[in-house]
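One-letter residues, chain by chain:
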Amino acid sequence: MPEPLFRTPKGTHDVLPDDQMYMTYIKKAVRHRARQAGYKRIDPPMFEYRGVFERGIGEHTDIVEKELFIVTGKQNADDGKQMALRPELTAGICRSYIENAMQQLPQPVELYAIGPCFRYDRPQKGRYRQFHQLDLEVIGLKDPSLDAQLIHVVTNILSDLCILNRLTLQINNIGTAENRAAFTEALKDYFIGKERNLPPDDLKRLQTNPLRLLDSKEEDTQILLRNAPVLSQYVSDESRQYHDTLLEYLTELGITFVENPGLVRGLDYYNQTVFEYWDASSGAQNAIGGGGRYDGLIELLGGKDTPGVGFAGGMERIIWHMKEAGVKVPNKDQVDVFVAQLGPEAKKKCLSLVSALRERGVHTVGALGEASLKSQMRLADKFEAKFTLLLGKLEVKESTIILRDMKAGKQKQIGIDEAIPQIIEALGKENLDTYVLKDHMKETAED
Ligand code: AMP
């Protein structure tokens, strides 16, 4: 095969039909659980003014500092209005909450989103430059019961997808913004005089975002951190109380969790509750998602002081876990019937037969080319059709058709009018794919 002229850009991939089955299945699970809990769907644009992410997520986080996909279109790059592809969904949804005056709606406003996100990351296993997130946000009220309910919805989704038992829910409370500021100061003080021992990248972090030192992979930094102040010492009683209540609620809901005082999450906007779903065997590396409370974010983006809590999960990692766990999803693209024909008359008849079968909800593929019957039958096999209907010159003359059960390898000649009823009976009415937009509402002139 010749080398293709173009390939997908580094870090991106086609979502091929086999993976679409998983994508659709996950989206269904999300939609179902989200609707049950009163969430409504939102789709923020795929790109925003870059300030939305820089202010929201934080200028000195990895996501913004290293991974933001800046979009340079025709706009003047110096006018301060450069765009960036969304690296996650929360910041855009909060921007939308403000812009669309959602504080006037009954609170909390519960929103969910599913779609592609972009990070200019170094591609590696489980890390792509374009990936898909599912996202749930609860904005406008603050109470541990809301955090618990959000986690419950996520847990239900993961359980529906049969991967909950492969994951552990890690949870922590990182305190209020003030608690974090006090801790950051303490951390800076601790490192005074120790700067020489810090690798250059971590020295930079100490100045820009000291909390990120906690995630450092550098051994020297980790050794120094052993005697450093720890965040939990700075978490206020109020936050501790909040956390204890949340844990009580989770227990009440039958949700198992692991308290993890080291969990901070890499985004600036979090306060108090943070949580992640880790791979039970490899830990944080294959985390499928995480979230937490972001009570300062909406104000940071120019809105009124408004609390919020949310979750984001990575679809590719969820699919990976489902495959590892051997979870099979239904193949809705299965071909039910293959229609084979020979001769111009048969071809004409088959056109309407194919169309009638499709109308009745039977997935039908028709080989309406000029190939021999033998090669059409080979095609039927390749499509893994359940049945083949075969119409040759003789059958046209006799108004009959051959119905072949591909699995059983048996065939019979039947009257052509019998073809559709017999196929429907063999497939079962409940398995027909009838497409009806049945919930539409008509407005009449009197309304
Ligand atoms: P984060 O908020 O950064 O923890 O991202 C939430 C989830 O999105 C992660 O747990 C992953 O499942 C997924 N995710 C984040 N970045 C990537 C990426 N570059 N490629 C694939 N999935 C990602």
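Nothing here was measured: the structure is a model prediction, and the numbers come from that model.

Asks: Please clarify how the site of the ligand should be interpreted in this entry.
Replies: Not every one of the 14 residues close to the ligand is listed here, only the nearest: Arg-119, Tyr-128, Gln-133, Arg-265 and Ile-288. Within the backbone of Gly-126, an N or O atom sits 3.5 Å from a nitrogen atom of the ligand. Within the backbone of Ala-287, one N or O atom sits 3.2 Å away from an oxygen atom of the ligand. Burial of the ligand by the protein amounts to 92% of the accessible area it has alone, namely 470 Å². Class assignment for the residues of the shell around the ligand results in 5 nonpolar, 4 polar and 5 charged.

Asks: What exactly am I supposed to notice about the sheet that holds strand 15 (residues 400-405) here?
Replies: Adjacent strands of a sheet pair through backbone hydrogen bonds, lying either parallel or antiparallel. The strand order 13-12-14-15-16 describes an open sheet built from 5 strands, whose pairing is mixed. Whereas interior strands pair on both sides, the edge strands pair on one side only; in this sheet they are strand 13 (364-366) and strand 16 (410-415). Going from strand to strand, the sheet's axes swing by 25 degrees on average, the running direction of each strand aside. One ladder, built from 3 bridges, connects strand 12 (residues 337-341) with strand 13; its direction is parallel.

Asks: Explanation requested: the sheet that holds strand 4 (residues 83-85) in the structure shown.
Replies: The antiparallel open sheet is built from 3 strands, whose spatial order is 2-4-3. Edge positions in the sheet fall to strand 2 (47-49) and strand 3 (70-71), since each of these pairs with one other strand and no more. Bridging between strand 3 and strand 4 involves 2 bridges; their strand directions are antiparallel. Paired with Ile-70 across the bridge in strand 4 is Ala-84. Its contacts with the sheet place helix 2 (residues 50-57) against strand 2, strand 3 and strand 4, and it is angled at close to 75 degrees to strand 2.

Asks: I would appreciate a short explanation of a negative patch on the surface in the present structure.
Replies: Together, Asp-201, Glu-218, Glu-219 and Asp-220 give the surface a local cluster of negative charge. With respect to the secondary-structure elements, Glu-218 resides in the loop between helix 7 (200-208) and helix 8 (219-225). On the basis of relative accessibility, which here comes to 38%, the residue Glu-218 falls in the partly exposed class.

Here is what the cut-offs are and how they apply
Sequence order as written defines the numbering, with residues in each chain counted from 1. Only residues with pLDDT of at least 70 get local features here, since the model is predicted, and only at 80 or more are side-chain atom pairs given and counted; chain-wide, interface and lining totals rely on the full set of residues. Hydrogens and water molecules were not included; the side-chain quantities draw on all heavy atoms of the structure. Here a residue is near a molecule or strand as soon as one of its heavy atoms is found within 4 Å of it. Polar contacts, as counted here, are pairs of nitrogen or oxygen atoms within 3.5 Å of one another; within protein the pair requires one atom able to donate a hydrogen and one able to accept it, and residues that are adjacent in sequence qualify only if both atoms are side-chain atoms. Only the protein chains shown count as cover for residues, and all accessible areas are computed by the Shrake-Rupley method using a 1.4 Å probe. Note that Gly is not counted as nonpolar here; it falls among the polar residues with everything else outside the nonpolar set of Ala, Val, Leu, Ile, Met, Phe, Trp, Tyr, Cys and Pro and the charged set of Asp, Glu, Lys and Arg. Pairing between strands is defined by DSSP: at least two bridges between them are needed. Strands here mean DSSP runs of E at least two residues long; helices mean DSSP runs of H or I at least four residues long; both are numbered from the N terminus. Note on definitions: angles span 0 to 180 degrees between N-to-C directions of axes, and those axes are lines fitted to C-alpha atoms, for helices only across the stretch in contact. We call two residues in contact when some of their heavy atoms are within 4.5 Å. A residue counts toward a patch only above 30% relative accessible area and without a salt bridge, and it is joined to like-charged neighbours within 9 Å or, for Val, Leu, Ile, Met, Phe, Trp and Tyr, to nonpolar neighbours within 5 Å. Basic side-chain nitrogens of Lys or Arg form a salt bridge, by our definition, when they fall within 4 Å of a carboxyl oxygen of Asp or Glu. Lys and Arg are tallied as positive, Asp and Glu as negative. Neither His nor the chain termini are counted. We put the charge of a Lys on NZ, of an Arg on CZ, of an Asp on CG and of a Glu on CD. Buried residues are those whose accessible area, probed at 1.4 Å on protein chains only, stays under 20% of the maximum for their type, while exposed residues exceed 50% and partly exposed ones sit between those limits.

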